[in-house]
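Each chain is listed here by its residues.
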Amino acid sequence: MSKSHKIIVSKFGGSSVQDSQTIQNTVRIVAGRAEGSSRGPVVVLSAMRGITDLLLQAATTAEQGNNEAEKLLVDIQNRHQATVAELMPQASPERDELQREMEELFFQLKEILHGVSLLHECTKRTRDYIVSFGERLNCLQVSAYMRSQGLAAEMVDAREMIRTSEEHDGATVLFQETYARITKRLQEIDGIAVVPGFIGSTADGVTTTLGRNGSDYTASLLGAALEAEAIEIWTDVDGVLSADPRVVDHATLLPQVSFREAMELSYFGADVIHPYTMIPAMEAGIPIWIKNTRNPDNAGTKISDVPSDASQVITGLASIGGVALINIEGGGMVGIPGFAGRVFKALAEHNINIIMITQASSEHSICIVIREDQVATALSALNKELARELATHQIQDFDVIDDLEIVAVIGENMRGTPGISGQLFSTLGDKGINVLAIAQGSSEMNVSFVIHRGEREVVLRSLHDRFFLKKD
């Protein structure tokens, strides 16, 4: 695949390849992309929906010495064999070869699960290897089906190309070597390269995984290395919406958002694409399209360097639930260098992520927002770190409020537009909403605030009506 001709990298998630019907639909989309071209697209596939969960469950039950692991393996095998039978009902050399290759993978998987069962131990390294079978099995069957439909397709193992650190369950990609290996390996492919998402390998060939949304990350890495024309993320929604349609039934499709807007929306819970996975594409200036396999003719959403429609000040609304607020307050904090640093360090040492922070300019209080399930650990860490200040009453006992929601109002066009915050909070005031904490970055692209969880629907609908409904 020469860089002189731009290609498209198309990634299909688990819902797009969950059974024979969705696989057939996905292959029709790929065939349309390949029409008139002998070199592409590059296709990245997730495991069939639910298979990764079954593999993880099998690993856990095997570790416990439970025979249930064998039953789960049979379920996984039966599902793939049934899918192949539906995709390729007629006996053929292609189907026979596919079945041999899949049987070999299932034999390997059975052996590793048996070893886990004997040892009663499943390390992160072993777990990464076990879950890698989902993507590999799916790519085998889909690439074989493509060939049965007359498409020149070849599975290319991502572990040959994506080089990572030796961590597991979220390894760090070694970009320079990875890009060189991608370019070299895919130049050898004349037709469609079908690549398993989510997985990579160390320099010693040990299988690793890329963590959450790893298949999207794979597509972004391939696109950046190949200087692709575009990266397509195919899923089961039409694109990025202005709000959660389960709450705001008149949420609208956003035809264009910037990388920064998409990152903000994703961070605050919107079903877009994980922020970290966008970085390779963003750095290479390659647009990402979010498209729907169930509605392929829909234009979808383009994510690029260009912000959303300038006529729309607000790009979207998003929210994070299941959070709690911890307030640290006291006169002993005022003017004390490093106090906030101690708070952050104590929490970081216990792997607690601070989602949002506000601090009064008087330095009399610090408010942090974290996940509810981390509150007990956070309080223990803070009590230990700030024991002296608590004992001498320099700070008060920590105040905790749970059952909260963070709502974020996002848009690059907010920057420099006067009156947005006023409109926002007057809308909330009209609805009798009490805001517990507020944060706004200097970029003016995001205004975040904390409310009680039960007020989420009223807040999102009211703000969406205020900023998105057309006025007569």
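Preceding this section is the structure that the text describes.
Residues numbered from 1 in each chain as written. Predicted model: local features only at pLDDT ≥ 70, side-chain atom pairs only at ≥ 80, totals over all residues. Heavy atoms only, no water.

A. Inspection of the pairing of strand β1 (residues 8-12) at higher detail. For β1, the buried fraction is high: 5 of the 5 residues fall into the buried class. The side-chain alternation of β1 yields two buried faces, one formed by Ile 8, Ser 10 and Phe 12 and the other by Val 9 and Lys 11. (Buried < 20%, exposed > 50% of the residue type's maximum accessible area, 1.4 Å probe, protein only. Helix = DSSP H or I, 4+ residues; strand = E, 2+ residues; numbered from the N terminus.)

B. Region of interest: the layout of surface pockets. Here the largest pocket is characterised by a volume of approximately 960 Å³. Taken together, 37 residues line the largest pocket, and the ones lying closest to its centre are Lys 11, Arg 212, Asn 213, Asp 216 and Asp 271. Listed by contribution, the elements that provide at least two residues to the lining of the largest pocket are α2 (51-63), α7 (214-226), β7 (230-235) and α8 (259-267). Across the lining of the largest pocket, the residue classes break down as 14 nonpolar, 14 polar and 9 charged. (1 Å grid on protein atoms, 1.4 Å probe; cavity = no way out; pocket = protein on both sides within 12 Å on 5 of 7 lines; lining within 4 Å. Points joined across faces, edges and corners; volume = space filled by probe spheres on them. Nonpolar A, V, L, I, M, F, W, Y, C, P; charged D, E, K, R; others polar.)

C. Summary view of the packing of α2 against helix α5 (residues 124-148). It is the contact of α2 with α5, at a shortest axis distance of 9 Å, that shows an interaxial angle of 150°. The orientation of α2 relative to α5 falls into the category roughly antiparallel. Classified by chirality, the crossing of α5 by α2 is right-handed. Each of Ile 51, Thr 52, Leu 55, Leu 56, Ala 59, Thr 60 and Glu 63 in α2 lies in contact with α5, whose residues at this interface are Arg 127, Ile 130, Val 131, Phe 133, Gly 134 and Glu 135. (Axes fitted to C-alpha atoms, helices over the stretch in contact; angles between N-to-C directions. Parallel < 35°, antiparallel > 145°, perpendicular 65-115°, else oblique. Left-handed = near helix turned anticlockwise from the far one by under 90°. Contact = heavy atoms within 4.5 Å.)

D. Representation of the side chain of Glu 412. Looking at where Glu 412 falls in the secondary structure, it is placed in the loop between β14 (399-410) and α13 (420-430). Residue classification places Glu 412 among the buried positions, given a relative accessible area of 10%. In terms of polar contacts, Glu 412 uses its side chain to reach the side chain of Ser 258, at 2.5 Å. Setting aside its immediate chain neighbours within four residues, Glu 412 contacts Ser 258, Arg 260, Glu 261, Pro 307, Thr 315 and Met 445. (Polar contact = N/O pair within 3.5 Å; in protein donor to acceptor, adjacent residues only side chain to side chain.)

The analysis is restricted to geometry; functional conclusions fall outside its scope.
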